[in-house]
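Spelled out from the first residue to the last, the chains are:
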Amino acid sequence: MIGVPSENDDDVNELIEFARELSKRCKILFTISTFVAKRNTPMDGMPFAGVEVATARLTKIQRALAGLVEV
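Counting restarts for each chain, with residues numbered from 1 along the sequence as it is written. With the structure being a predicted model, the display of local features is reserved for residues of pLDDT at least 70 and the display and counting of side-chain atom pairs for 80 or more, all residues being used for whole-chain, interface and lining totals. In computing side-chain properties, one takes all heavy atoms of the structure into account and sets aside hydrogens as well as water.

A. Structural detail: the nonpolar core. Core analysis: the biggest nonpolar cluster contains ten residues, these being Ile2, Val12, Ile16, Ala19, Ile28, Phe30, Ala54, Ile61, Leu65 and Val69. Listing elements by their share of this core, those giving two or more residues are helix 1 (9–23) and helix 2 (51–64). Helix and strand definitions here come from DSSP, where helices need a minimum of 4 consecutive H or I residues and strands a minimum of 2 consecutive E residues; each element is numbered from the N-terminal end. The leading source of residues in this core is helix 1, at three residues. In this description, contact between two residues means that some pair of their heavy atoms is separated by no more than 4.5 Å. In contact with isoleucine 61, not counting residues within four places along its chain, are Ile2, Val12, Leu15, Ile16, Ile32 and Val71. Among buried residues, those of type Ala, Val, Leu, Ile, Met, Phe, Trp, Tyr and Cys that are joined through side-chain atoms within 4.5 Å constitute a nonpolar core. Relative accessibility under 20% of the residue-type maximum defines a buried residue, over 50% an exposed one, and the middle range a partly exposed one, all with a 1.4 Å probe and only protein chains included.

This is the structure we're talking about:
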């Protein structure tokens, strides 16, 4: 999941590095969706990161892991 309210670029970079290391040991498939707060949950009312931010982060992940991880 991307776009969680406390997420930043360091989190995305950490995911990329972890996936690179893990891909040396096994095949990886990522299914990524964006965070959307649901009613009556602890995160109800938390802001959505926005389409531009979510798209940029997803694109960064896809480019960085191309050929190593199926996204």
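B. Representation of the environment of glutamate 70 in the model. Along the chain, glutamate 70 turns up in the segment after helix 2. For the pair formed by glutamate 70 and leucine 29, sequence separation is 41 residues and the distance between their alpha carbons is 4.7 Å. Excluding residues that lie within four positions of it along the chain, glutamate 70 makes contacts with Ile28, Leu29 and Phe30.

C. Spatial organisation of helix 1. To estimate how far a helix should extend, the number of its residues minus one is multiplied by 1.5 Å. Helix length check: helix 1 (15 residues) gives 21 Å between terminal C-alpha atoms against 21 Å at 1.5 Å per residue, within 8%. When we look at burial in helix 1, the residues that qualify are Val12, Ile16, Ala19 and Ser23. Looking straight down helix 1, one finds its buried side chains confined to an arc of 70°; they lie on one side. In helix 1, the exposed residues that point more than 90 degrees away from the buried face are Asp10, Glu14 and Phe18. Taken from the helix axis, the directions to the C-beta atoms give the arc we talk about.

D. Fine view of the packing of helix 1 against helix 2. Angles run from 0 to 180 degrees between N-to-C directions of axes, and those axes are lines fitted to C-alpha atoms, restricted for helices to the stretch in contact. Put simply, helix 1 and helix 2 touch, their axes get as near as 10 Å, and they point 25° apart. In terms of axis orientation, helix 1 runs roughly parallel to helix 2. Judged by the twist between their axes, the crossing of helix 1 over helix 2 is right-handed. Note on element contacts: helix 2 touches helix 1 through Arg57, Lys60, Ile61 and Ala64, opposite Asp9, Val12, Asn13, Leu15, Ile16 and Arg20. Angles are sorted into four bins: roughly parallel if under 35 degrees, roughly antiparallel if over 145, roughly perpendicular if 65 to 115, and oblique for all others. Handedness of a crossing is defined here by the sense of rotation of the near helix relative to the far one, left-handed for an anticlockwise turn of less than a right angle and right-handed for a clockwise turn.

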